[in-house]
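Geometric and topological summary
Chain by chain, the residues run as shown.
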Amino acid sequence: MPKREQLQDDYLESRLIRRRLVLSAIFIVILLSLVLGRLYVLQIVEHEHFSTLSDSNRVRIKALPPTRGLIFDRHGVVMADNLPAYRLEIVREQVEDLDNTLLQLRQYVEYSDQELKRFKQSLKRRRPFESIPLRLNLNDEEVARLAVNLHRFEGVEINARLTRNYPQGAHAVHALGYVGRIDERDLGEVDGVEYAGSTHIGKLGLEKFYEHELHGTVGVQHVEVNANGRTLRVLDESPPMQGNNLHLTIDSSLQKVAEEAFGNNSGAVVAIDPNNGEILALVSMPIFNPNLFVNGISFNKYNELRDSHQRPLFNRALSGQYPPGSTSKPFYGLAGLELATATKDQETYCIGFYKLPNEERKYRDWKKQGHGHMNLTDAITQSCDVYFYDLAYRLGIDRMSSFLGQFGFGVKTGVDSTGERNGLLPSREWKRRHEGMPWFPGETLITGIGQGALLVTPLQLANSTAAFAVRGTRYQPHLVKSVEKVPEYNRIEIASRVAGRYEIQKQQNWEHVHKAMVNVVHGLRGTAHGISQGLEYKVAGKTGTAQVFEVAQDEEYDEETVLEKLRDHALFVSYAPADDPQIAIAVIVENGGHGSSVAAPIARRIMDAYLLERS
Amino acid sequence: MNQTLDSDSTSITRRVMDALRLDPVLLSLLIILALFGSMVLYSASGSDQAVVIRQMTRIVVALLLLVAAANIPLRMIRKISIWLYLAGLAMLIAVMFYGEVGKGAQRWLNLGFIRFQPSEILKLAVPMIVATYLSNRVLPVGLKELVVSSVLVAIPVILIARQPDLGTAILVGSAGFFVLFLAGVRWRVMISLGVLLSLMAPLLWKFALHDYQRNRIATLLDPESDPLGSGYHIIQSKIAIGSGGVYGKGWLNGTQSQLDFIPERSTDFIFSVFGEEFGFFGSIVLILIYVAIIFRGLYIAAHSTENFGRLLAGAFSLTFFVYLFVNTGMVAGMLPVVGVPLPLISYGGTSMVTLMMGFGLIMSIRSAKRFLV
């Protein structure tokens, strides 16, 4: 075969392109004839048919909202259900003068400007024959007043619709989250068709995270209407399908014990089953009533909640970030032994402060006069700071942060809820990136007692403690135990997932630190000795105190004179029974002072409730 | 032919047109269509003057850009095509990470002073780069050229389809395909590619798409199964068009349109408003105007003196036809609902600007011939 001519031949090429252009033109004519033919059919052949349809346009398609899935605790206690509530709704095309009607309605029932704004927004995206809610949750008096006058308002309806309800009110609100009215932002995230009939959507927490399970499938109704738009009969219907039910890992009664144990304090508790990552209780105090948000909270009430100095809306358990203080010491102790930086008998002499070589600055112990000779067990039992300053100095920040990282510090746990934060595990790299500064040796010391830049969320701390309790296996904590699929009502278990595993080099190392933690509670000099009275099982724990503000070099921290909101946070981590851990707990009481006196008793009450009342 | 015309008639308009390198035939057709469109839009928007004024402003801006594009020399167009293409790709990738989400799709890039869809740029850049590439090669295209061009087209098309913006992906893809088609890809190659693609479709369906995208496409293919979404659009749109009859119900008198039964009636579904108010007769007239524009573009392509001009002008004109065909087909219930506007009539700025710039480039191709010969 002759080789193809490689020179461009403009004549041949232009003829080729022209041929193709003519061909395209023919295609165009054919395809557009098809369109015209279709239009001919629609507009001439079937004109009569469509003309009649257009004149009456009687068949309407209505969306039927699905019923939201229910939420139960691990023993079947109802945490969230749906109740019928009366709503004031308006069908736009049946109202002649909308503005006037809205004005007149104000004589019989109150609605806020906010509700009016929302109504007008829905008006834009819904079809003219759909009923659009103006006011939700009418009380009996309002219903009565409106019902009497309803004949005066064409197109205004009172309808009973199922609305989300939290039967236990504020109980477990931070674990559940809540639903609220759909707004523009929500619509951007979901399939508009599925929500064509819905008015509410999960806004926070589980309700948001499991929105796709809880919402259900929209139904459709073809109805014939008369000239005024009133429904005459239903022609065809495919009913909506209820959303799936959730069964939680949360134990409602345990949760209640935890909430009550807090009294008027603010703070958080997370209790986890260390053997599978199931969250047994997740408490952030104070709590608030989520039912307020379902039907649109008033500005005043919202501002009151938002501006309260105790910040009830803030989910401390997932979003609160606190220095772990001395609760980090068992992890450093284990790091020291595992990395062969410390031995179990090696002693440090504590004179009440620590100094870096060639530095004047004093790093103080919480006990002014010092603890004297300290080995690792003593240092954990009595929470000696100087021992851990020294240990930190020898470990160095790089090894410290990589070791804590293996127990989940500084990364999200991946819990199935919204709003979880990272905490902060400082390192040289982090400091260079965020502050553009090198790491100073003094910061290593402060990090070594869980202060400084180190931050944890209560959930993170509980999960790391749980991982410690079962010798290094860290599960991904979760709130949902199973999803009950509707309509078969079969439960699909959510499998426990291992998020990370630290392989212990020598089991004696772990056992040594573990025994020291048992000593914290059961030893005579243990900082949490106070809760050991009458204990029927063994507890391993560690107290902690997190500084809210720094005491200047020459000053002293005096609990009595410090304002309450600047007082230290009290912390306590623990797991029990010590020999066969069933529950791991982290407690943080904001401005509670010492971990021993405030936080530890809360943990004790939870453990009692879980371990004793269960059997 | 044009030379003789020029020397005879030296009217002022003609001289202005020549100075600005514009094609009077194409320009007047475009202006007639745009003005006609504004009239329909006034009715579709429920007699909202503000909407029409905004649309008119866009038309003026788009026409200014058309004039600017018409004055870019052909050499320059070839030179910038690679940069425009790369910039477009970069912005598409940026949109994946920083884009603003609207109605479940991530398409918009906000540069602070302006918010736009980078995929629009690719509607121009893809045919430009493929035409640039092929114009330096011997035609008809060989295997290597075919592979390179297909990759150039496929990358942006996949990125756009994943946003997901099926309508734009189709337009960009067909623009690129038309260049190849005109450059003479052999029929057997095209047929085997078609077979290959249809074999690959199930794989793409399974692995390249998200669940919700699959659902969306499934409803597109069977609108009647989704009476709350696009199925409703189709049903109402057919009633509107069908009830228009031969001469229509008259401007501003369409009951379907005025009573708000047609969703998206000033954007993608504006042709239903038109069909209801102007009838079959009006539809014929409208489609003839479009055909005149498309054929003028093809004529310019056929009379260009170099391959680059032939390929680019031809591809732009054919893409313009795809807009028309997909939109009218979808509104009349022949094709699935994908977001393709009725060109130069639907409300909205981005497609108006790209289309007019495309026509500006066609005019530049037309003038290039006269200076070269």
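Owing to the predicted nature of the structure, the values given are computational and were not obtained by experimental measurement. (Residues numbered from 1 in each chain as written. Chains lettered and ligands numbered in written order. Predicted model: local features only at pLDDT ≥ 70, side-chain atom pairs only at ≥ 80, totals over all residues.)

Quick notes on the overall build of chain B
- If you tally the helices and strands in chain B, you get 15 helices and three strands.
- Across chain B, every contact between residues at least 6 apart in sequence was considered, and the portion connecting residues at least 24 apart equals 72%. (Helix = DSSP H or I, 4+ residues; strand = E, 2+ residues; numbered from the N terminus. Contact = placed C-beta atoms within 7 Å.)

A short note on the packing of helix α5 (residues 74-98) of chain B against helix α7 (residues 143-161) of chain B
Residue and element names in this part refer to chain B.
- Where α5 contacts α7, the axes come no closer than 10 Å and their chain directions differ by 25 degrees. On the basis of their axis angle, the class for α5 and α7 is roughly parallel. For the pair α5 and α7, the sense of crossing is left-handed. Taking contact as the criterion, the partners of G88, L89 and L92 in α5 are, on α7, I155, P156, L159 and I160.
- For the contact of α5 with α7, the per-class residue count stands at six nonpolar, one polar and no charged. (Axes fitted to C-alpha atoms, helices over the stretch in contact; angles between N-to-C directions. Parallel < 35°, antiparallel > 145°, perpendicular 65-115°, else oblique. Left-handed = near helix turned anticlockwise from the far one by under 90°. Nonpolar A, V, L, I, M, F, W, Y, C, P; charged D, E, K, R; others polar.)

What about the pairing of strand β22 (residues 569-576) of chain A?
Residue and element names in this part refer to chain A.
- The element β22 is largely enclosed, with a buried count of eight among its eight residues.
- Judged by which residues are buried, β22 turns out to be covered on both faces: H569, L571, V573 and Y575 on one side and A570, F572, S574 and A576 on the other are all buried.
- Note: strand β21 (residues 540-546) against β22, seven bridges, orientation antiparallel. In the strand pairing of β22, A540 is matched with Y575.
- Pairing of β22 with strand β23 (residues 583-589), which is carried by seven bridges, proceeds in the antiparallel orientation. (Buried ≥ 20, exposed ≤ 12 C-beta atoms within 10 Å, placed from the backbone. Pairing = 2+ DSSP bridges.)

Focus on the pairing of β21 of chain A
- Burial within β21 of chain A is extensive, with seven of its seven residues counted as buried.
- Here β21 of chain A shows two buried faces, one formed by A540, K542, G544 and A546 of chain A and the other by G541, T543 and T545 of chain A.

A look at the sheet that holds β23 of chain A
All names here are of chain A.
- Taking strand neighbours across the sheet as the criterion, the five strands line up as β12-β11-β23-β22-β21 in an open arrangement whose pairing is antiparallel. Of all the strands in the sheet, just β12 (278-285) and β21 have a single pairing partner and so form its edges. Going from strand to strand, the sheet's axes swing by 5 degrees on average, the running direction of each strand aside.
- Packing against the sheet, helix α10 (residues 252-261) makes contact with β11 (267-273) and β12, and its axis sits at approximately 30 degrees to β12.

Some points on the nonpolar core
- Ranked by internal contacts, the top residues of the largest apolar core, which has 115 residues, are V269, V270, A271, I585, V587, A599 and I606 of chain A.
- Per element, the largest residue contribution to this core is nine residues, and it comes from helix α22 (residues 595-611) of chain A.
- Shared between two domains, this core takes at least three residues from each, and those domains are domain 1 (61-248) and domain 2 (252-296 + 314-611) of chain A.
- Among the nonpolar cores identified, the runner-up in size contains 113 residues, and L166, I239, I270 and M356 of chain B belong to it. (Core = buried A, V, L, I, M, F, W, Y, C linked by C-beta atoms within 7 Å. Domains from an automatic or database assignment.)

A word on the confidence of the model for chain A
- When pLDDT is averaged along chain A, the result is 87; 93% of the residues meet or exceed 70.
- Note on residues 1-5 of chain A: pLDDT under 50 across the span, and zero contacts to partners over four residues away in sequence or across chains. (pLDDT = per-residue confidence, 0-100.)

Description of the interface of chain B and chain A
- Listed as interface residues are 51 residues of chain B and, on the opposing side, 39 residues of chain A.
- For the side of chain B that touches chain A, the leading source of residues is helix α13 (residues 270-302) of chain B, giving 12 residues.

Structural notes on the environment of R428 of chain A
Residue and element names in this part refer to chain A.
- Within the secondary structure, R428 sits in helix α18 (residues 428-435).
- Given 15 C-beta atoms within 10 Å, R428 falls into the partly exposed group.
- Separated by 11 residues in the primary sequence, R428 and W439 have C-alpha atoms spaced 5.4 Å apart.
- Contacts of R428, omitting those with residues within four sequence positions, involve I397, D398 and W439.

Things to note about α10 of chain A
Residues and elements named next belong to chain A.
- Counting buried positions over the 10 residues of α10 gives seven, a clear majority of the element.
- Buried within α10 are the following residues: S252, L254, Q255, V257, A258, E259 and A261.
- A positive phi of about 60 degrees marks G263, the residue just after α10.

Description of the confidence of the model for chain B
Residues and elements named next belong to chain B.
- In the predicted model, chain B carries a mean pLDDT of 84, and 82% of its residues have values of at least 70.
- Confidence scores differ between elements of chain B, with helix α1 (residues 2-8) showing the lowest mean pLDDT of 50 and α13 the highest of 94.
- Segment residues 1-5 is flagged for pLDDT under 50; beyond a separation of four residues in sequence, or across chains, it makes one contact in the model.
- Overall fold confidence for the complex sits at a pTM of 0.64, while the interface term, ipTM, reaches 0.90.

Notes on the environment of T545 of chain A
- Along the polypeptide, T545 of chain A turns up in strand β21.
- C-alpha separation for the pair T545 of chain A and P324 of chain A, spaced 221 residues apart in sequence, amounts to 7.7 Å.

Notes on unusual backbone geometry
Residue and element names in this part refer to chain A.
- A cis amide bond links V486 with the next residue in sequence, P487, at an omega value of 5 degrees.
- The residue P487 is located in the loop between β18 (480-485) and β19 (490-493) in this model.
- Unlike most non-glycine residues, A340 shows phi in positive territory, near 60 degrees.
- Here A340 is to be found in the loop between α14 (329-338) and β13 (348-350).
- Phi is positive for R471, which is not a glycine, with a value near 60 degrees.
- Looking at the element boundaries, R471 is found in the loop between α20 (458-469) and β17 (473-475).

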